[in-house]
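Structure assessment
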Amino acid sequence: MRTRLTLLAVIVMTLLCAGLGAVIVTSIHNVRTVELNRRNHDANTRAAGLDGYLG
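Each residue is numbered by its place in its chain's sequence as written, counting from 1. Given that this is a predicted model, residues contribute local features only at a pLDDT of at least 70 and side-chain atom pairs are listed and counted only at 80 or more, while totals for whole chains, interfaces and linings are drawn from all residues. Values shown for side chains rest on all heavy atoms present in the structure; no hydrogens or waters enter the calculation.

1. Some words on the overall build of the chain
For clarity, the cut-off: Numbering goes from the N terminus for both helices and strands, where a helix is a DSSP run of H or I of at least four residues and a strand is a run of E of at least two. As a reference, a globule follows 2.2 Å times the number of residues to the power 0.38, and the radius of gyration itself is taken over C-alpha atoms. Accessible area is worked out with a 1.4 Å probe on protein chains only. A residue is then buried under 20% of its type maximum, exposed over 50%, and partly exposed in between. Method for areas: the Shrake-Rupley scheme with a 1.4 Å probe, in which residue coverage is limited to the protein chains shown.
Of regular secondary structure, the chain possesses one helix and zero strands. The C-alpha atoms of the chain give 23 Å as radius of gyration, which overshoots the globular expectation for 55 residues (10 Å, by more than 25%). Counting only C-alpha atoms, the chain reaches 70 × 15 × 10 Å along its principal axes. Across the 55 residues that make up the chain, the buried fraction comes to 2%. On the chain, roughly 5,100 Å² of surface is accessible, and the fraction owed to carbon and sulfur atoms is 68%.

What follows is the structure, given as structure tokens:
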């Protein structure tokens, strides 16, 4: 019984850690994507000559 409970605890902890890792990686990826989108937006407004009109 104790072995089964320990195995269940290990599986639960592994899943929790994997989920937390996925959340962290996704958050970092989203921050980088937002930064890339901002840079592209700035470059596009400059290229179109609209940098004085758009924020």
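2. Some details on helix H1 (residues 2-47)
Here is the rule we go by: Multiplying 1.5 Å by the helix residue count minus one yields the expected span of that helix.
Counted at 1.5 Å a residue, the expected span for H1 with its 46 residues is 68 Å, and the 67 Å between its end C-alpha atoms agrees. At the C-terminal side of H1, glycine 49 shows a positive phi close to 75°.

3. Brief notes about the environment of arginine 32
Structurally, arginine 32 is set in helix H1. For arginine 32, a relative accessible area of 63% translates into the label exposed. Separated by ten residues in sequence, arginine 32 and alanine 22 place their C-alpha atoms 15 Å apart.

4. Concerning the pattern of salt bridges
The line we're drawing: What counts as a salt bridge is simple: a side-chain nitrogen of Lys or Arg found within 4 Å of a carboxyl oxygen of Asp or Glu.
The full count for this structure, using the stated rule, is three salt bridges. One salt bridge connects arginine 39 with glutamate 35, and the closest N-O pair in it is separated by 3.3 Å. Here glutamate 35 and arginine 39 lie together in helix H1, a separation of four residues that amounts to about one turn. Residue arginine 39 is classed as exposed on the basis of its relative accessible area of 52%. For glutamate 35, a relative accessible area of 30% gives the class partly exposed. Residue arginine 38 is joined to aspartate 42 by a salt bridge in which the shortest nitrogen-to-oxygen separation is 2.9 Å. Pair noted here: arginine 38 and aspartate 42 are both in helix H1, with a separation of four residues, about one helical turn.

5. Structural notes on a nonpolar patch on the surface
Which entries qualify depends on this criterion: A patch is a set of surface residues, each over 30% in relative accessible area and not in a salt bridge, joined within 9 Å for like charges and within 5 Å for the nonpolar side chains Val, Leu, Ile, Met, Phe, Trp and Tyr.
A grouping of Leu5, Leu8, Val12, Met13 and Leu16 is seen on the molecular surface, where their side chains present a nonpolar patch of about 500 Å² in accessible area. Structurally, valine 12 is set in helix H1. Look at valine 12 and you get partly exposed, because its relative accessible area is 41%.

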